[in-house]
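The primary structure of each chain is shown beneath.
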Amino acid sequence: MYSDYYSQSEWESVINFSKNIETPFLIVLLDRIKEKFNTFSSNFPYAKIYYAVKANPGRDILILLKELGAYFDVASIYELNQVLSLGVDPERISFGNTIKKAKHIAEAYVKGIRLFTSDCEADIKTLAQEAPGSKIFFRLIIDAVTSDSDWPLSRKFGCQPRMLEELVLQAQASGLDPYGISFHVGSQQREIQAWDAAITQVVNIFKILKDKGINLRSINMGGGFPADYVTKTNPLNVYGDEIRRYLISQFGDKFPDIYLEPGRGLVGEAGILVSEVVLISKKSRSDLRRWVYTDVGIFNGLMEAIDESIKYPIYTTKTGPVGEVMLAGPTCDSLDIIYEHFKYSLPLSLAIGDRLYWLSTGAYTASYSSVEFNGFPPLTTFFL
Ligand SMILES: Cc1ncc(COP(=O)(O)O)c(C=O)c1O
């Protein structure tokens, strides 16, 4: 099951490399990221691609993407320093988090960052003080469409159109450069129309502001591009074609500057998390489903399985008849149940000590892994 997610040679290198390494750990296949980056570039030739570093800040990934000509979107001063330490030109970096301290804005500005995202009055005021003249993306709230995604980003970010218009005027008056509107349609967004709906809202705001004498020049379409999990998704060209068609319908052949910030869509499928079965049990003699406890769980890599939001394909080399299982992690916390409602089936021959391979785990796994909850160490990553 699911072995077709990777080629035979990818499997051989993963299994050979990992044979003698103590689980759990994440393997990232760098060639996959290279291939995805090239697919993004060819399907969105008019866009600048800012990798959302939060998805996986692994050093080898950042170096690879730097070499491929990617730009970077950072969420914190720590990510910024990590990217700068690799010699990336600050002009290739945006500070995309709407929530940031004044001293971090000031530090970013001193280090050359001139592109920020904002969604409220207080932050615009701080940006005007600490990062004068910088380009600003104003983040639009788009609740209606984010609810279709598997990992919504909800109402925590962005503001309503009326407030956004006021912020643009405030930014202009305080010497900032109102550059464009950003949005995020929700992570693992499979509905292609989500982008069209958001662009429609952006175009409306562009028109209203134009009447007030302000020309916004850019749209930042965020991330949201999906990875293949248990449910497979459309290939990227389907998203690329539809978004391009929609942009043409709105702007003809003179697009505003377009930015993308893919995280999951760029690195998700490149990761294989290798774990070991610690225990298999039943709660009563008549139980039809087995509990399978593994050495990876919610706190050391599979955070996005919380509420069963992201359903990772699981592969085992064991074969034969299968039976339903509940999957849980190794800690003493009852939140550490990975899948209980969604019915996974694994071979009846699965035994304690067998390895389970969690596929498409390149994004939001290692970076979410806790430091030592219950004493379990953070997830180690190897790059192949
Ligand atoms: C501002 C911003 N950009 C990009 C991303 C990456 O999104 P995704 O991983 O869905 O591509 C995120 C994710 O949280 C985000 O907050």
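Note that this is a predicted model, so its numbers are computed, not measured.

### A closer look at the site of the ligand
Neighbouring residues of the ligand: 14 residues in total, closest His184, Ser187, Glu261, Gly263 and Tyr364. Between an oxygen atom of the ligand and a main-chain N or O atom of Gly224, the distance comes to 2.9 Å. Within the complex, the protein chains bury 92% of what would otherwise be the 400 Å² of accessible surface of the ligand. Across the shell around the ligand, the residue classes break down as four nonpolar, five polar and five charged.

### Re the environment of Phe157
On the secondary structure map, Phe157 appears in the loop between α7 (143-146) and α8 (161-173). Assessed through its relative accessible area of 16%, Phe157 is described here as buried. For the pair Phe157 and Phe138, spaced 19 residues apart in sequence, the C-alpha to C-alpha distance is 10 Å. Beyond its immediate chain neighbours, meaning those up to four positions away, Phe157 contacts Thr98, Ile99, Asp119, Arg139 and Ile141.

### Some words on the nonpolar core
Counting residues in hydrophobic clusters, the biggest one holds 100 residues, and the most contacted among them are Tyr51, Phe183, Met221, Leu327 and Trp358. Looking at which element gives the most residues to this core, the answer is helix α9 (residues 193-211), with nine residues. Residue contributions to this core reach at least three from each of two domains, namely domain 1 (31-267) and domain 2 (269-383). Residue contacts for Leu327: discarding those within four places in its chain leaves Val292, Thr294, Ile314, Ile337, Ile338, Tyr339, Tyr344, Leu346, Leu356 and Trp358.

The rules behind these values
Residues numbered from 1 in each chain as written. Predicted model: local features only at pLDDT ≥ 70, side-chain atom pairs only at ≥ 80, totals over all residues. Heavy atoms only, no water. Near = heavy atom within 4 Å. Polar contact = N/O pair within 3.5 Å; in protein donor to acceptor, adjacent residues only side chain to side chain. Areas by Shrake-Rupley, 256 points an atom, 1.4 Å probe, with all protein chains shown as cover. Nonpolar A, V, L, I, M, F, W, Y, C, P; charged D, E, K, R; others polar. Helix = DSSP H or I, 4+ residues; strand = E, 2+ residues; numbered from the N terminus. Buried < 20%, exposed > 50% of the residue type's maximum accessible area, 1.4 Å probe, protein only. Contact = heavy atoms within 4.5 Å. Core = buried A, V, L, I, M, F, W, Y, C linked by side-chain atoms within 4.5 Å. Domains from an automatic or database assignment.

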